[in-house]
Amino acid sequence: MKWFRNDQSLPPQDSKKIPAIALVGMPNVGKSVLFNALTSTYVTVSNYPGTTVEVSRGEMGLNGSLVRVIDTPGMYSLLPITEEEKVSRDLLFSEAINLVIHVVDAKNLGRMLPLTFQLIETGLPVLLAINMMDEAKQLGLQIKREHLQMELGVPVVTMAAALNLGLTELRERMWDYVNSNCLSRTY
Ligand SMILES: Nc1nc2c(ncn2[C@@H]2O[C@H](COP(=O)(O)OP(=O)(O)O)[C@@H](O)[C@H]2O)c(=O)[nH]1
Ligand SMILES: [Mg+2]
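Fair warning: this is a prediction, and the values are worked out from it, not measured in the lab.

Asks: Lay out the confidence of the model for the protein in plain terms, naming residues and giving numbers.
Replies: One rule of thumb: low pLDDT means the predicted coordinates there are not for detailed reading. With 87% of its residues at a pLDDT of at least 70, the protein reaches an overall mean of 89. Within the model, the stretch residues 1–11 combines pLDDT values under 50 with 14 contacts to residues more than four positions away or in other chains. Segment residues 181–187 is flagged for pLDDT under 50; beyond a separation of four residues in sequence, or across chains, it makes 13 contacts in the model.

This is how it looks when you write it as structure tokens:
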């Protein structure tokens, strides 16, 4: 287990009451880059119980509130085939996850949206984070964000996590959840 800590400490809180946000999505969409950009205070990497699959957990401050962030192993579907997918699914259903951020690659949106629908069907609050917008723009792809948001009925944010673009808006949308009953009703 690795421990990192920097000097940005937030006031202590009962860990059970700290809202938890899970980053989920297919491999190589930028979940870990986003996780590292969001969590600066405190990160642990450990094997999910009974497996050799690593899960990173960190904390971030959001307008003065502490929020837990979990970087889940890549998954294609909620019907798991690989051990990684099984861990991600188990994690979503066995832990008190208050918000699922589905991270997708803007270049392959069509291939990734079926998982968005599956996640929405779980009843968990979902936020769609469309990453790699820099590469999508270079390819001339445009994302109809408002349209997607209306069709899906969940917030949609566009970003380029590796370039630190769009993260301010993502944090604002996350705050909407932390600040609303969505997060506080589950415990
Ligand atoms: N161009 C570009 N590359 C990105 C972006 N976000 C992540 N990447 C790159 O995509 C690759 C996969 O990222 P990673 O966070 O490991 O994906 P994960 O498997 O979902 O955790 C890495 O090489 C990242 O540097 C982005 O917004 N734009
Ligand atoms: Mg990763």
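Asks: Now, about the site of ligand 1: what can you tell me, with residues and values included?
Replies: Residues in close proximity to ligand 1 total 17 residues, the closest being Gly30, Lys31, Ser32, Ala160 and Ala162. Mapped by element, the contributors of at least two residues to the shell around ligand 1 are helix 1 (31–38) and helix 4 (133–138). Of all the elements, helix 1 adds the most residues to the shell around ligand 1, at 3 residues. When the residues that make up the shell around ligand 1 are grouped by side-chain class, the tally is 8 nonpolar, 6 polar and 3 charged.

Asks: For the environment of Lys107, give the residues involved together with the corresponding values.
Replies: Along the polypeptide, Lys107 turns up in the loop between strand 6 (99–105) and helix 3 (109–121). Note on Lys107: 17 C-beta atoms within 10 Å, which makes it partly exposed. For the pair Lys107 and Met133, spaced 26 residues apart in the sequence, the C-alpha separation amounts to 7.8 Å. Residue contacts for Lys107: discarding those within four places in its chain leaves Met132, Glu135, Ala136, Leu139 and Leu141.

Asks: How would you sum up unusual backbone geometry? Please name residues and give values.
Replies: Its identity as a non-glycine residue notwithstanding, Asn63 has a phi of 50°, on the positive side. By secondary structure assignment, the location of Asn63 is in the loop between strand 4 (54–62) and strand 5 (65–71). Judged by local crowding, Asn63 falls into the exposed class, with 11 C-beta atoms found within 10 Å. Although it is not a glycine, Met132 adopts a positive phi angle of roughly 65°.

The rules behind the values
Residues numbered from 1 in each chain as written. Chains lettered and ligands numbered in written order. Predicted model: local features only at pLDDT ≥ 70, side-chain atom pairs only at ≥ 80, totals over all residues. pLDDT = per-residue confidence, 0-100. Contact = placed C-beta atoms within 7 Å. Near = placed C-beta within 6 Å. Helix = DSSP H or I, 4+ residues; strand = E, 2+ residues; numbered from the N terminus. Nonpolar A, V, L, I, M, F, W, Y, C, P; charged D, E, K, R; others polar. Buried ≥ 20, exposed ≤ 12 C-beta atoms within 10 Å, placed from the backbone.

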